Number of protein chains: 2
Amino acid sequence: MIKLLLAEDQGMMRGALALLLGLEEDMEVVAQVATGDAIVPSALETGPDIALLDIELPGRSGLDAAAELRERLPSCAVLILTTFGRPGYLRRAMEAGASGFLVKDGPVEELAAAVRRVLAGERVIDPALAAAALSAGPNPLTARERDVLSAAADGSTVADIAGRLHLSPATVRNYLSAAIGKTGTRNRMEAVGAARRNGWL
Amino acid sequence: MIKLLLAEDQGMMRGALALLLGLEEDMEVVAQVATGDAIVPSALETGPDIALLDIELPGRSGLDAAAELRERLPSCAVLILTTFGRPGYLRRAMEAGASGFLVKDGPVEELAAAVRRVLAGERVIDPALAAAALSAGPNPLTARERDVLSAAADGSTVADIAGRLHLSPATVRNYLSAAIGKTGTRNRMEAVGAARRNGWL
DNA sequence: GGTCGGCGTTGACAAATGTCACGGGTGCGC
DNA sequence: GCGCACCCGTGACATTTGTCAACGCCGACC
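Residues numbered from 1 in each chain as written. Chains lettered and ligands numbered in written order. Predicted model: local features only at pLDDT ≥ 70, side-chain atom pairs only at ≥ 80, totals over all residues. Heavy atoms only, no water.

Next up on the list: the overall build of chain A. Tallying secondary structure elements over chain A gives 10 helices and six strands in all. If you line up chain A on its principal axes, its C-alpha atoms span 60 × 35 × 30 Å. Put simply, chain A has 201 residues, and 48% of those count as buried. Sequence-distant contacts, at least 24 apart, represent 63% of the contacts inside chain A between residues at least 6 apart. Counting 21 positive and 25 negative side-chain charges, chain A places the averaged centre of each group 9 Å from the other. (Helix = DSSP H or I, 4+ residues; strand = E, 2+ residues; numbered from the N terminus. Buried < 20%, exposed > 50% of the residue type's maximum accessible area, 1.4 Å probe, protein only. Contact = heavy atoms within 4.5 Å. Lys, Arg positive; Asp, Glu negative; His and termini not counted. Charge placed at Lys NZ, Arg CZ, Asp CG, Glu CD.)

Pasting the structure below:
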């Protein structure tokens, strides 16, 4: 019997997937969580064979949780299940030790099949997405540039960001300028968009 | 037998919902579409009793399609099923003649129940959401302000927008300024965010 | 007819943003 | 030790953005 953990914030999606996977004779959903923080504790308690993780979760990124989970419960495989096939997400997922990366497009039947393939030792990745991730190259932004760009993503002004990050306004503008340059965009708004699209956020 | 049409762009979600609803003894999914354009033609062909529509679809908004559907096939009820409970979305859904408005949080069981309640003549709306929609008031933006703000949403500069909309740059800035004022924000980026959150986009 | 709101435009102004060159500090690898 | 990349800051500069006041042109409504 394959024991599954399911992490997904949209209640309807979570419920539907849990029901469908439960219908497979050899599978059993032993835990369902809606937040990123709940993943590791719940996994340690229920000891699943595989964890299906969404990335964009309240509280903590599924990628973060995946890394910690692989470390503290190596017997549990990780299969990322996400809405967006962002190149940077795939890269980070692989670095975190995930065995598979599935996007929520594509038919439901793929899901159970992917679970079985992962537990058979295979790595499950959409080939087109893998190609995109390789061609896009690694994240060009430094840690600080990411911080500043993230802080700017909601429309905050330079002064806001400077205050929030305890930096000088001039420094903030320099980081933003660098981020704009590296993303090949024309202003912070386009830079935020480009960084998001690539999963660099 | 209740005949259902399902419009949802995420393949996995669509498949899962179709399977679950198909398990109900009195329901039958007669059509599944992934784009907004496909809704009306498919409905006219298959003649469903109720259409479950997502809002944010490729090609055409589910709200647009809902309005046309109500007009051309009045026998078909409309139940909006969306990720985001934006006040403006609810308002527009009601104006388009929808009988219900469900968010994708909350348990799957709600869905079949909502379908039955709608067909029994009830209106299905989350009370908290209804209150939010009423307290938020109607969309304060004029048509042109919406155009300009939408065009600015991707990070375009004033000159870009002016070119795309065949307007003078100064005019564009005036509309943006008005939108910023009406949304109570400080710059176009916050204005875009606020407009999105409220479903005014 | 008059009023009002929306549309499109202009011009001028202050403020925010983006760019550049430069400085000093740290830690890392060769 | 030396170079290198990243961190943080400064000052100056051009450009963009946001604001305000004003004008004419509709169409709707009373």
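Okay, the relation of the copies chain A and chain B next. Both copies of the chain are related through a single rotation about an axis accompanied by a shift along the same axis. The two copies are related by a screw operation: chain A maps onto chain B through 180° of rotation and 0.0 Å of translation along the axis, at an RMSD of 0.2 Å. Both copies of the chain, as the preceding transformation shows, are related through a two-fold rotation axis. Looking at the interface residues of chain A, 100% of them are also at the interface in chain B, so both copies use one shared face. (Least-squares fit on C-alpha atoms with pLDDT ≥ 70 in both.)

With 33 residues of chain A at the contact, the number on the chain B side is 33 residues. Carbon and sulfur atoms make up 67% of the area that chain A and chain B hide from each other, which totals about 2,400 Å². Joining chain A to chain B, the criterion identifies two salt bridges. Residue Asp160 of chain A is joined to Arg186 of chain B by a salt bridge in which the shortest nitrogen-to-oxygen separation is 2.7 Å. Linking chain A with chain B are 11 residue pairs in polar contact (both at pLDDT 80 or more), by the criterion used here. When residues of the side of chain A that touches chain B are traced back to their parent elements, those giving at least two are helix 1 (11-23) and helix 10 (188-198) of chain A. (Buried area = accessible area lost by both parts, 1.4 Å probe. Salt bridge = Lys/Arg side-chain N within 4 Å of Asp/Glu carboxyl O. Polar contact = N/O pair within 3.5 Å; in protein donor to acceptor, adjacent residues only side chain to side chain.)

Let us look at the packing of aromatic side chains. The geometry of two aromatic rings is summed up by the distance between their centres and the angle between their planes. Counted according to the given criterion, the structure contains zero aromatic pairs over all chains. Above the ring of Phe84 of chain A, the side-chain terminus of Arg86 of chain A is found at 4.3 Å from the ring centroid. (Phe/Tyr/Trp six-rings, centres within 6.5 Å; stacked < 30°, edge-to-face > 60°. Lys NZ or Arg CZ within 6 Å of the ring centre and 35° of its normal.)

Glancing now at the packing of helix 2 (residues 39-46) of chain A against helix 3 (residues 62-72) of chain A. Residues and elements named next belong to chain A. Packing of helix 2 against helix 3 leaves a shortest axis separation of 9 Å and a crossing angle of 30°. With respect to each other, helix 2 and helix 3 are oriented roughly parallel. In terms of crossing hand, the pair formed by helix 2 and helix 3 is right-handed. For the pair helix 2 and helix 3, contact is made by Ile39, Val40, Ala43 and Leu44 and by Ala65, Glu68, Leu69 and Arg72, respectively. (Axes fitted to C-alpha atoms, helices over the stretch in contact; angles between N-to-C directions. Parallel < 35°, antiparallel > 145°, perpendicular 65-115°, else oblique. Left-handed = near helix turned anticlockwise from the far one by under 90°.)

A separate point is the sheet that holds strand 6 (residues 124-125) of chain B. Residues and elements named next belong to chain B. Read across the open sheet, the six strands follow the order 2-1-3-4-5-6; overall the sheet is parallel. In this open sheet, the two edge strands, each paired with only one partner strand, are strand 2 (27-33) and strand 6. Against the sheet, helix 4 (residues 87-95) contacts strand 4 (77-82), strand 5 (100-103) and strand 6, and its axis sits at roughly 150° relative to strand 5. (Pairing = 2+ DSSP bridges.)

All right, on to the protein's contact with DNA strand C then. Looking at DNA strand C, there are 18 residues lining it, with Arg173 and Arg188 of chain A together with Thr142, Arg144 and Ala170 of chain B nearest. Sugar plus phosphate: this is where 54% of the atoms of DNA strand C within 4 Å of the protein reside. In the environment of DNA strand C, a phosphate oxygen lies 3.2 Å from a nitrogen or oxygen atom belonging to the backbone of Val158 of chain A. At 2.5 Å, a side-chain N or O of Arg144 of chain B approaches a phosphate oxygen of DNA strand C. Within the residue set of the surface near DNA strand C, elements represented by two or more residues are helix 9 (169-183) of chain A together with helix 7 (143-152) and helix 9 (169-183) of chain B. In terms of residue count, the dominant contributor to the surface near DNA strand C is helix 9 of chain B (five residues). (Near = heavy atom within 4 Å.)

Here we come to the pattern of salt bridges. Residue and element names in this part refer to chain A. Applying the stated criterion across every chain, the model contains 22 salt bridges over all chains. A salt bridge links Asp54 to Lys104; the nearest nitrogen and oxygen atoms lie 3.3 Å apart. Taken together, the residues span a long stretch of sequence, with Asp54 in the loop between strand 3 (50-53) and helix 3 and Lys104 in the loop between strand 5 (100-103) and helix 5 (109-119) at a distance of 50 residues. A single burial state applies to Asp54 and to Lys104, both of which are buried.

For the rest of this paragraph, the subject is the domain arrangement of chain A. Interface size is commonly expressed as the accessible surface area that is lost when the partners come together. What the domain assignment lists for chain A is domain 1 (2-134) and domain 2 (143-197). For domain 1 of chain A versus domain 2 of chain A, the distance between C-alpha centres works out to 31 Å. (Domains from an automatic or database assignment.)

It is worth spelling out the sheet that holds strand 2 (residues 27-33) of chain A at this point. All names here are of chain A. Overall, parallel pairing links the six strands, which are arranged 2-1-3-4-5-6 in an open sheet. Because the sheet does not close on itself, it has two edges, and the strands there are strand 2 and strand 6 (124-125). Pairing geometry for strand 4 (residues 77-82) and strand 5, over four bridges, is parallel. Looking across to strand 5, one finds that Ile80 is bridged to Phe101. Sheet strands in contact with helix 1 are strand 1 (2-7), strand 2, strand 3 and strand 4, and its direction is about 160° off that of strand 2.

Lining the immediate environment of DNA strand D, one finds 17 residues, of which Thr142, Arg144 and Asn174 of chain A together with Arg173 and Arg188 of chain B sit closest. Sugar and phosphate atoms form 54% of the subset of DNA strand D atoms that lie within 4 Å of the protein. Here Thr142 of chain A contributes a side-chain N or O atom positioned 2.7 Å from a phosphate oxygen of DNA strand D. Taken together, the elements giving at least two residues each to the surface near DNA strand D come down to helix 7 (143-152) and helix 9 of chain A together with helix 9 of chain B. At five residues, the largest contribution of residues to the surface near DNA strand D is made by helix 9 of chain A. Class assignment of the residues belonging to the surface near DNA strand D gives a composition of five nonpolar, eight polar and four charged. (Nonpolar A, V, L, I, M, F, W, Y, C, P; charged D, E, K, R; others polar.)

For the rest of this paragraph, the subject is the pairing of strand 2 of chain B. The side chains of a regular strand alternate between both faces of the sheet. All names here are of chain B. Sheet topology places strand 1 (residues 2-7) next to strand 2; six bridges connect them, and they run parallel. By the bridge assignment, Lys3 is partnered in strand 2 with Glu28. At this point the chain moves from strand 1, through helix 1 (residues 11-23), to the parallel strand 2, and the crossover so formed is right-handed. (Right-handed = clockwise from strand over helix to strand, strands pointing away.)

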